Structure formats: structure tokens, C-alpha cells
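As a plain string of letters, each chain reads:
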Amino acid sequence: MPCLLYDLLTIYYASSNRLLAEFVVDLYTYTLDHRRIVMGRPGAIEKSLEDHRFIVNALKMRNPEAISAAFANHILRIHDTSRALDPGRGGAAKTRRLRLFRNGGTGPGSA
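The present account deals with the structure reproduced in this document. Keep in mind that this is a model prediction, so the values were computed, not measured. (Residues numbered from 1 in each chain as written. Predicted model: local features only at pLDDT ≥ 70, side-chain atom pairs only at ≥ 80, totals over all residues. Heavy atoms only, no water.)

**Notes on the overall build of the protein**
What counts, and what does not: Helix and strand definitions follow DSSP, with helices as H or I runs of at least four residues and strands as E runs of at least two, each counted in order from the N terminus. Contacts: residue pairs with any heavy atoms within 4.5 Å of one another. Computed with the Shrake-Rupley method and a 1.4 Å probe, the accessible areas treat only the protein chains shown as cover for residues.
For the protein, the count of helices and strands is 5 helices and 0 strands. Element order for the protein, N to C, with α for helix and β for strand: α-α-α-α-α. Contacts spanning at least 24 positions in sequence make up 38% of the contacts within the protein whose residues lie at least 6 apart. Summing over all exposed atoms, the protein offers an accessible surface of approximately 8200 Å²; the carbon and sulfur share of this is 61%.

Written as C-alpha cells, this is what we have:
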């Protein structure tokens, strides 16, 4: 298990939302091979490290809005880079859900 996963586990389980922590860990392990391909691209590691620095800084500030924004930015980068690896997947429903996520759940159909 990579060292990064241990760090992520610490953060996820500290959130006190065990269901979310388990979901994220399962998703991480499910997509690991796919993410290795993406992370092999030029500049990918540097961008990921930048995302992680923003997450750590937000956690240090104990600012829930900054933490949420930093994680959302990282998750959206993962989505975008994964989708770029396999552009044939997705569709209108996924695009609509992603747009709602980026807008914080606001907009048409965000009940």
C-alpha cells in the first residue's frame, strides 16, 4: 500500500464520516491502475502535489470552506484527467452531475 494512501486514510477517517471514508478508499483502490497511467503523464505529479498542498494548508487553517474547495478541486482534476484518458465514456448525465458538483449543487435539478 503506497505511503500516500496511509496519509489519505488518516484524513478521511478523521472526518468522522466513516461511510464517505470507506467509499473514497474503495474508489481509490478500484481506480489505482487507471490513475497510474494518468500520473505518468508530464506534469501530472506536480499538479497533484499542488492540489495536496492546498488540501493540507486548508486543513491547517481549519477552514471548512477552504477544505471543501481544495478537495473539490482535486476531485475535479482527477475526473478531468481520467476522462481525458478515456474520452468515449461519460455522456450528458455525467456532465450534468459534474456541473452540479462544480456549482456546489446549485442549478436546475439540484434538489
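**Things to note about the packing of helix H2 (residues 18-39) against helix H4 (residues 64-85)**
The following threshold applies: Axis definition: a line fitted to C-alpha atoms, over the contacting stretch in the case of helices. Angles run 0 to 180 degrees between N-to-C directions. Relative orientations are named as follows: roughly parallel for angles under 35 degrees, roughly antiparallel for angles over 145 degrees, roughly perpendicular for angles from 65 to 115 degrees, and oblique for any other angle. By the convention adopted, Pro, Cys, Tyr, Trp, Phe, Met, Ile, Leu, Val and Ala count as nonpolar, Lys, Arg, Asp and Glu as charged, and the other residues, Gly among them, as polar.
Two elements in contact, H2 and H4, have axes whose closest approach is 10 Å; the angle formed by their N-to-C orientations is 85 degrees. Relative to H4, the element H2 lies roughly perpendicular. Counting all contacts with H2, which are made through His34, Arg35, Ile37 and Val38, the residues of H4 involved are Ile78, Thr81, Ser82 and Leu85. Tallied by class, the residues present in the contact of H2 with H4 amount to 4 nonpolar, 3 polar and 1 charged.

**A closer look at H4**
Cut-off, in case you're wondering: A helix is expected to reach a length of 1.5 Å times the quantity of its residues less one. When accessible area is computed with a 1.4 Å probe and restricted to protein chains, residues below 20% of their type maximum are described as buried, those above 50% as exposed, and intermediate ones as partly exposed. N or O atoms within 3.5 Å of each other form a polar contact, as long as, within protein, one can give a hydrogen and the other can take it, and as long as residues adjacent in sequence are counted only when both atoms are side-chain atoms.
Taking 1.5 Å of rise per residue, the 22 residues of H4 would be expected to cover 32 Å, and the 32 Å separating its terminal C-alpha atoms lies within 8% of that figure. Within H4, the full set of buried residues consists of Ala70, Phe71, His74, Leu76 and Ser82. Its side-chain oxygen at 3.0 Å from the backbone nitrogen of Glu65, Asn63 defines the N-terminal cap of H4.

**A short note on the environment of Glu50**
Secondary-structure assignment places Glu50 in helix H3 (residues 44-61). Given the relative accessible area of 39%, Glu50 is considered partly exposed. Between the alpha carbons of Glu50 and His74 there is a distance of 9.2 Å; along the sequence they are 24 residues apart.

**What to know about unusual backbone geometry**
Despite not being glycine, Arg62 has its phi angle at roughly 55 degrees, a positive value. Following the sequence through the fold, Arg62 ends up in the loop between H3 and H4.

**Examining the nonpolar core**
Note the cut-off: Put simply, buried Ala, Val, Leu, Ile, Met, Phe, Trp, Tyr and Cys residues joined by side-chain atoms within 4.5 Å make one nonpolar core.
Membership of the largest hydrophobic core is limited to 8 residues, which are Leu9, Tyr12, Ala21, Val25, Ile55, Ala58, Ala70 and Phe71. Looking at this core, the elements with two or more residues in it are helix H1 (3-14), H2, H3 and H4. The residues touching Val25, leaving out its near neighbours within four places in the chain, are Leu9, Tyr12 and Tyr13.

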